[in-house]
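Commentary on secondary and tertiary structure
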Amino acid sequence: MVEWTDFERATIQSIFSKMDYDDVGPAVLSRCLVVYPWTQRYFGNFGNLYNAAAIQGNPMVAAHGKTVLHGLDRAVKNMDDIKATYEELSVLHSEKLHVDPDNFRLLADCLTIVVAARMGVDFTADVQGAFQKFLAVVVSSLGRQYH
Amino acid sequence: KMSLSAKEKVIVKDFFAKVSSRSDEVGAEALARLIVVYPQTKSYFAHWKDLSPNGAPVRKHGITIMGGLYEAVSKIDDLAGGLLTLSELHAFVLRVDPVNFKILSHCIMVVLSMLFAEEFTPQIHVAVDKFLALVALALSEKYR
């Protein structure tokens, strides 16, 4: 089981309680699609993804970004058993969506970059450490049911 | 082989010019972050008396690394050739495992995102990410 310090718990709760999902969700997914263009392979039916401007203005990308970000809520509320919390979602991503689990890591890196931008100097090294530890557990849990 | 387009080279040069007034801060902060968030990287600095993230040795070395990056920007048209000396240094003396180039690049970009939030757009992010990956490749050219 993952051990969380009080600082780590407080940091994660604080970041997500202050997060503007309508802003961060679209920003994260669109950044991922621009910085790692091969991730566009999963969004063939999203319409125009031809360039960065199109991606950032695409309403389906924005909507899906919010969905994905809210997907983290359950982990935030169940930090002591993220593995079990994401068992079903892991199966879904493997069996139905067929998403290469390395993409979870890429999206997590983009989320770190976006949160850093929003928080500025408040995103200290210790805060970054806590945030990345949380995301690493999420990423690992989402990849766990692949076979 | 991955390479930077003419447009991306301009993006990288312009962005690093913009950052230059705070480049020391970026370098120091990125290295501090590296050793805090990825403590295993401290293994390369075991010979330092002071390994505190905000201590003088870490700050100084972060500035040195950033200087190397600016040298790379100036040699952006031929990174392998231009970084030959640094490449030999990393291969034969420092022998830093190349996985660490990736994580340092990530830390640098996190700091850039923090200090230059508006400027570090996705388009600039992808060009800088590619540039840092190419620098890492040039630095590990002589490893084997």
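Counting restarts for each chain: residues are numbered from 1 in the order of the written sequence. To read the labels, note that chains go from A and ligands from 1, taken in the order they are written. Local features in this predicted model are restricted to residues whose pLDDT is 70 or higher, and side-chain atom pairs enter the listing and the counts only when it is 80 or higher, whereas totals over whole chains, interfaces and linings include all residues. As a rule here, side-chain values come from all non-hydrogen atoms in the structure, and water together with hydrogens is ignored.

**Notes on the overall build of chain A**
In terms of regular secondary structure, chain A is built from nine helices and zero strands. Secondary structure elements of chain A, listed N to C terminal, follow the sequence α-α-α-α-α-α-α-α-α. In terms of its C-alpha atoms, chain A occupies a principal-axis envelope of roughly 45 × 40 × 20 Å. Only protein chains enter the calculation, and the probe is 1.4 Å; a residue is then buried if its accessible area is under 20% of its type maximum, exposed if over 50%, and partly exposed in between. By the burial criterion, 48% of the 147 residues in chain A qualify as buried. Here a residue-residue contact requires only that any non-hydrogen atoms of the pair lie within 4.5 Å. Here the analysis covers contacts within chain A between residues at least 6 apart in sequence; of these, 74% occur between residues at least 24 apart. Areas reported as accessible are Shrake-Rupley estimates using a 1.4 Å probe. Residue values count occlusion only from the protein chains shown. As displayed, chain A offers around 7400 Å² of accessible surface, 55% of which is attributable to carbon and sulfur atoms. Helix and strand assignments follow DSSP, with helices taken as H or I runs no shorter than four residues and strands as E runs no shorter than two, numbered in order from the N terminus.

**Regarding unusual backbone geometry**
The backbone of A:His98 sits at a positive phi, close to 50 degrees, despite the residue not being glycine. Within the fold, A:His98 resides in the loop between helix H7 (87–96) and helix H8 (102–119). By relative accessible area, which is 53% here, A:His98 ends up exposed. Of note, B:Arg95 is a non-glycine position whose phi angle comes to about 45 degrees, a positive value. Mapped onto the fold, B:Arg95 is located in the loop between helix H5 (84–94) and helix H6 (99–115). Overall, B:Arg95 belongs to the exposed group, its relative accessible area being 57%.

**Section: the pattern of salt bridges**
Residue and element names in this part refer to chain B. Salt bridges are counted wherever a side-chain nitrogen of Lys or Arg sits within 4 Å of a carboxyl oxygen of Asp or Glu. The final tally for this structure, using the stated rule, is 10 salt bridges over all chains. Here Arg33 and Glu29 are joined by a salt bridge, their closest N and O atoms 3.0 Å apart. You can see Arg33 and its partner Glu29 sitting in helix H2 (residues 23–37), four residues apart, about one turn around the helix. By relative accessible area, which is 1% here, Arg33 ends up buried.

**Describing H8(A)**
All names here are of chain A. Look at H8: 26 Å from first C-alpha to last across 18 residues, which is about the 26 Å you get at 1.5 Å a residue. Turning to H8, its buried residues number three or more, namely Asn103, Phe104, Leu106, Ala108, Cys110, Leu111, Thr112, Ile113, Val114, Val115, Ala116 and Ala117. Once H8 ends, the next one or two residues include Gly120, with phi positive near 60 degrees. For a helix, the expected span equals 1.5 Å multiplied by the number of residues minus one.

**Some details on empty space enclosed by the protein**
Unoccupied space between atoms shows up once a probe the size of one water molecule is rolled over them. Residues and elements named next belong to chain B. Whether a set of points on the 1 Å grid over the protein atoms alone is a cavity depends on a 1.4 Å probe fitting there but being unable to get out, while an open set qualifies as a pocket with protein on both sides within 12 Å along at least five of seven lines; lining residues are those with an atom within 4 Å of a point. Grid points are joined across faces, edges and corners, and a volume is the space filled by probe spheres set on the points. On inspection of all chains with the given rule, the structure shows one cavity of 30 Å³ or more. By volume, the largest cavity amounts to about 40 Å³. Secondary structure elements with two or more residues in the lining of the largest cavity: H2, helix H3 (56–74) and H6. Charged residues are taken to be Asp, Glu, Lys and Arg, nonpolar residues to be Ala, Val, Leu, Ile, Met, Phe, Trp, Tyr, Cys and Pro, and polar residues to be all remaining types, Gly included. The class makeup of the residues in the lining of the largest cavity is six nonpolar, two polar and no charged.

**A word on the interface of chain A and chain B**
Listed per partner, the contact involves 20 residues of chain A and 19 residues of chain B. Between chain A and chain B, the buried area comes to about 1700 Å², and carbon and sulfur atoms account for 61% of it. Nitrogen and oxygen atoms within 3.5 Å of one another constitute a polar contact, given that in protein one can donate a hydrogen and the other can accept it, and given that sequence-neighbouring residues count only through two side-chain atoms. Counting every contact that joins chain A to chain B gives seven residue pairs in polar contact (both at pLDDT 80 or more). When contributions to the side of chain A that touches chain B are tallied by element, the ones reaching two or more residues are helix H2 (21–35), helix H3 (52–57), H8 and helix H9 (125–143) of chain A. Once two parts are brought into contact, the accessible area they lose, counted with a 1.4 Å probe and summed over both, makes up the buried area.

**Remarks on the UniProt feature "domain: Globin" (unreviewed entry) in chain B**
UniProt positions are given in the numbering used here, feature names are shortened, and annotations may be inferred rather than shown by experiment. This chain's UniProt record puts "domain: Globin" (unreviewed entry) on residues 3–144 of chain B. Within residues 3–144 of chain B, the helical portion is 69% and the strand portion 0%, while the C-alpha atoms at the span's ends are 21 Å from each other.

**Quick word on the packing of aromatic side chains**
By convention here, two paired aromatic rings are described through the distance between centres and the angle between planes. Note on aromatic contacts: the rings of Phe and Tyr and the six-membered ring of Trp form a pair at centre separations within 6.5 Å, being stacked when their planes are under 30 degrees apart, edge-to-face when over 60 apart, and tilted otherwise. Summed over the entire model, instances satisfying the criterion amount to 14 aromatic pairs over all chains. With centroids separated by 5.6 Å and ring planes inclined at 65 degrees, the aromatic side chains of A:Phe16 and A:Phe134 adopt a geometry described as edge-to-face. Of this pair, A:Phe16 sits in helix H1 (residues 6–18) while A:Phe134 sits in helix H9, and the two are 118 residues apart along the sequence. Pair check on accessibility: A:Phe16 and A:Phe134 agree, each one buried. Ring geometry for B:Phe15 and B:Phe16: centres 6.3 Å apart, planes at 90 degrees, overall edge-to-face. An aromatic cluster is built from B:Phe15, B:Phe16, B:Tyr70, B:Phe116, B:Phe120 and B:Phe131, whose rings are joined through pairwise contacts. Whether a charge sits over a ring depends on NZ of Lys or CZ of Arg being within 6 Å of the ring centre and within 35 degrees of the ring normal. A cation sits over an aromatic face here: B:Arg22 above B:Phe116, 5.9 Å from the ring centre.

**A short note on a nonpolar patch on the surface**
All names here are of chain B. Exposure above 30% relative accessible area and no salt bridge define the residues that can form patches, which grow by joining like charges within 9 Å and nonpolar side chains of Val, Leu, Ile, Met, Phe, Trp and Tyr within 5 Å. Residues Leu89, Phe92, Val93 and Leu94 make up a contiguous nonpolar surface patch of about 360 Å² in total accessible area. Turning to its location among the elements, Leu94 is positioned in helix H5. What makes Leu94 partly exposed here is its relative accessible area of 39%.

**Details of the UniProt feature "domain: Globin" (unreviewed entry) in chain A**
Under the local residue numbering, the UniProt record ascribes the feature "domain: Globin" (unreviewed entry) to residues 3–147 of chain A. Taken end to end, residues 3–147 of chain A comprises 70% helix and 0% strand; its first and last C-alpha atoms sit 27 Å apart.

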